[in-house]
Amino acid sequence: MITAAVSLATAQRSLGDPGVRYPLYPPLLRGCPRTATPGLVFPVEVDYAYQDVPADLFTSSPRRGGLERWAPLLPPLDAPGLGEGATPLVPLGDGVWIKDESRNPTWSHKDRLNRVAVGAAVHEGAEGIAVASSGNHGASAAAYAARAGLRCVVLASAGAPPAVASFLRAYGADVVAVPAEARWPLLAMIAERLGYHTVSNLTPTHTGHPFGPEGYKTVAYEIHADLGVPAAVFVPAGYGELLFGVWKGFRELRDLGVTDRVPRVFGCEPAAGGPLAAAVRTGAPAAVVPTGATDAYAIDCSVGGNRAVRAVLDSGGDALLVTDAELRRARDELARQGLWAELSAAAGLAGFRQWAAREGDAGGPVVCVSTSSGFKDLGVGGDPLEPVEPTWEAVTRALRRP
């Protein structure tokens, strides 16, 4: 076990009832049992001794790489890192900025979650971790498990992109392709029978790993360090953990007196599903919806959770449904600026463009989070180059004209 700067994490508290508290360990991987109903489980979040936060935490120069910079406001970092975090904020023009999470070690935002979640597995003495994922989460979990010397089981679907399957195996993970509806029951069995620590969801409405969104808070800390508080942040939303983490990070900055406000936070989901939008529209604490066809497989979720609903409503934001056509336009716009994003990762920019066309100026700078590299997309590698004769005539015919 390694120990970075001292964590000020003290407990887990229920989002269903903030007065309900639990010890910091073991992490409540199935949410809050005391507020749960058969159809709804509230997540828990990590609480801290905020009164002991170092006065210079948000003003001093970074002393360490990775998430260690923010260790007092994270769960104990009991697993080694890979240099996650500190991703660039790239100007797109006209007050729009892209927080490019593809610069993380496994090329997605999931590295922030898995740094803290795998640390919990190390703390608990687990032999391995288990995750249900066909994309970014599985690849990231496999990398951080390998770094920590833990075994990793990834329950994927047969339709996972071939490049991602290779990515998972490269880290030594056991990759098992099963039907999507079987992944979560099998995940629970692996946890119960093998004692593996799960880093993905086990409940009918999403709770996920309670430490995961704490890693995502650092996105907000970094945006504030580079830009201050934007008018709004547009975030791709699947289960909504990243959305909640960004909101909580800005909420902490405000509550600690570092800032005076929280930006509006928008969750951007595929129009083929949208559990967050369904919950926001109906006033439900969380929702489960049917899903249709979409190429945005990384955020194609039928199950929502209360975290995302809370972030959207408390910040004055909204849940936006974006079509695949809007996603492709946003992805192409990013590519023209030199940013190769996965289709799902472009949902933040797609949501902002849709919202701006309807609402106009946001009243200040806007940050769109781009969550992952285009390397992870469906069909990558399936369009090989055609050989061209090495003659001037053949080459000029092959050149694209302006």
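Per chain, the residues get numbers from 1 upward, laid out in the order the sequence is written. Under the rules for a predicted model, residues below a pLDDT of 70 receive no local features and side-chain atom pairs below 80 are neither given nor counted, while totals for whole chains, interfaces and linings still include all residues. Just so you know, side-chain values use all the structure's heavy atoms and leave hydrogens and water out.

### Brief notes about the overall build of the chain
Quick reminder of the rule: Labels follow the DSSP assignment, with helices taken as runs of H or I lasting at least four residues and strands as runs of E lasting at least two, numbered in each case from the N terminus. Only the C-alpha atoms count toward the radius of gyration. The rule for a globule is 2.2 Å times the residue count to the power 0.38. Residue burial is assigned from relative accessible area. The probe radius is 1.4 Å, only protein chains are included, and a residue is buried under 20% of its type maximum, exposed over 50%, and partly exposed in between. Here, two residues are considered to be in contact whenever any of their heavy atoms come within 4.5 Å of each other. Here the Shrake-Rupley method, with its probe set to 1.4 Å, supplies the accessible areas, and only the displayed protein chains count as covering residues. We treat Lys and Arg as the positive residues and Asp and Glu as the negative residues; His and chain ends play no part in the count. In plain terms, the charge of a residue is placed at NZ if it is Lys, CZ if Arg, CG if Asp and CD if Glu.
Along the chain, the regular secondary structure elements total 11 helices and 13 strands. Against the globule reference of 21 Å for 402 residues, the chain gives a C-alpha radius of gyration of 21 Å, in line with a compact fold. Each of the three principal axes of the chain carries a C-alpha extent, and together these read 70 × 50 × 45 Å. Burial status across the chain gives 59% buried among its 402 residues. Within the chain, contacts between residues separated by at least 24 positions form 70% of all contacts whose residues are at least 6 apart in sequence. Summing over all exposed atoms, the chain offers an accessible surface of approximately 16,200 Å²; the carbon and sulfur share of this is 54%. One finds the centroid of the 36 positive side-chain charges in the chain at a distance of 1 Å from the centroid of its 41 negative side-chain charges.

### Concerning the environment of Pro91
For Pro91, the position within the fold is in strand E4 (residues 89-93). In this structure the C-alpha to C-alpha distance between Pro91 and Val366, which are 275 residues apart in sequence, comes to 10.0 Å. Residues contacting Pro91, with those up to four places away along its chain left out, are Val96 and Trp97.

### A short note on the nonpolar core
The line we're drawing: Residues belong to a common nonpolar core when they are buried Ala, Val, Leu, Ile, Met, Phe, Trp, Tyr or Cys residues joined through side-chain atoms within 4.5 Å.
By size, the foremost hydrophobic cluster in this structure holds 74 residues, and its most contacted members are Ile129, Leu243, Phe250 and Leu276. Excluding residues that lie within four positions of it along the chain, Leu276 makes contacts with Ala237, Leu243, Gly267, Glu269, Ala308, Val309, Val312 and Ala319.

### Considerations on the packing of helix H5 (residues 212-227) against helix H6 (residues 241-255)
Using the following cut-off: Angles shown run from 0 to 180 degrees and are taken between the N-to-C directions of axes, each axis being a line fitted to C-alpha atoms and, for helices, limited to the stretch in contact. Any angle between 65 and 115 degrees counts as roughly perpendicular, while under 35 counts as roughly parallel, over 145 as roughly antiparallel, and the rest as oblique. If you view the pair so one helix is near and one far, a crossing is left-handed when the near helix is turned anticlockwise from the far one by less than a right angle, and right-handed when it is turned clockwise. Ten residues, namely Ala, Val, Leu, Ile, Met, Phe, Trp, Tyr, Cys and Pro, are considered nonpolar, four, namely Asp, Glu, Lys and Arg, are considered charged, and the remaining ones, Gly among them, are considered polar.
Here H5 crosses H6 at 55°, and the two axes come no closer than 7 Å. Put simply, H5 runs oblique to H6. Considering only the axes of H5 and H6, their crossing is right-handed. Contacts between H5 and H6 pair Pro213, Glu214, Tyr216, Lys217, Val219, Ala220, Tyr221, Ile223 and His224 from the former with Glu241, Leu242, Phe244, Gly245, Val246, Lys248, Gly249, Phe250, Glu252 and Leu253 from the latter. Its residues assigned to classes, the contact of H5 with H6 shows 11 nonpolar, three polar and five charged.

### Thoughts on the packing of aromatic side chains
For any two aromatic rings, the description comes down to two numbers: the centre-to-centre distance and the angle of the planes. The criterion, for reference: Stacked, edge-to-face and tilted labels apply to pairs of Phe, Tyr and Trp rings (six-membered ring for Trp) whose centres lie within 6.5 Å, assigned for plane angles under 30 degrees, over 60, and everything in between, in that order. For a ring to carry a charge above it, either NZ of a lysine or CZ of an arginine must fall within 6 Å of the ring centroid while also lying within 35 degrees of the normal to the ring plane.
Per the counting criterion, the structure on display carries 14 aromatic pairs. Here the aromatic cluster, defined as three or more aromatic residues joined through ring pairs, consists of Trp107, Phe167, Tyr171 and Phe375. Its end group placed over the ring of Trp70, Arg69 keeps NZ or CZ at 4.5 Å from the ring centre.

### What about the UniProt feature "domain: Tryptophan synthase beta chain-like PALP" (unreviewed entry) in the chain?
Put simply, the test is: UniProt positions are given in the numbering used here, feature names are shortened, and annotations may be inferred rather than shown by experiment.
UniProt records the feature "domain: Tryptophan synthase beta chain-like PALP" (unreviewed entry) at residues 83-371, using the numbering of this structure. The annotated region residues 83-371 carries 44% helix and 17% strand content, and the separation between its end C-alpha atoms amounts to 17 Å.

### Here we look at the sheet that holds strand E3 (residues 44-48)
Rules: If DSSP finds at least two bridges between two strands, the strands pair.
Spatial ordering of the open sheet is given by E2-E1-E3, a layout of three strands whose pairing is antiparallel. Looking along the sheet, the strands with just one partner apiece sit at the ends: strand E2 (21-23) and E3. Looking at each pair of strands side by side, their axes are set apart by 40° on average, direction ignored. Examined bridge by bridge, strand E1 (residues 9-14) and E2 share three bridges and lie antiparallel to one another. Counted as the bridge partner of Gln12 is Tyr22 from E2. Taken strand by strand, H6 contacts E1 and E3, and its axis lies near 25° from that of E3.

### Focus: the sheet that holds strand E10 (residues 232-236)
An order of E4-E5-E13-E10-E11-E12 is seen for the six strands of this open sheet, with the pairing classed as mixed. Across the chains shown, the open sheet's two edge strands, defined by having one partner strand only, are E4 and strand E12 (318-322). Averaged over all neighbouring strand pairs, the angle between strand axes comes to 25°, with direction disregarded. Pairing of E10 with strand E11 (residues 264-270), which is carried by five bridges, proceeds in the parallel orientation. Bridge pairing links Val233 to Val265 in E11.

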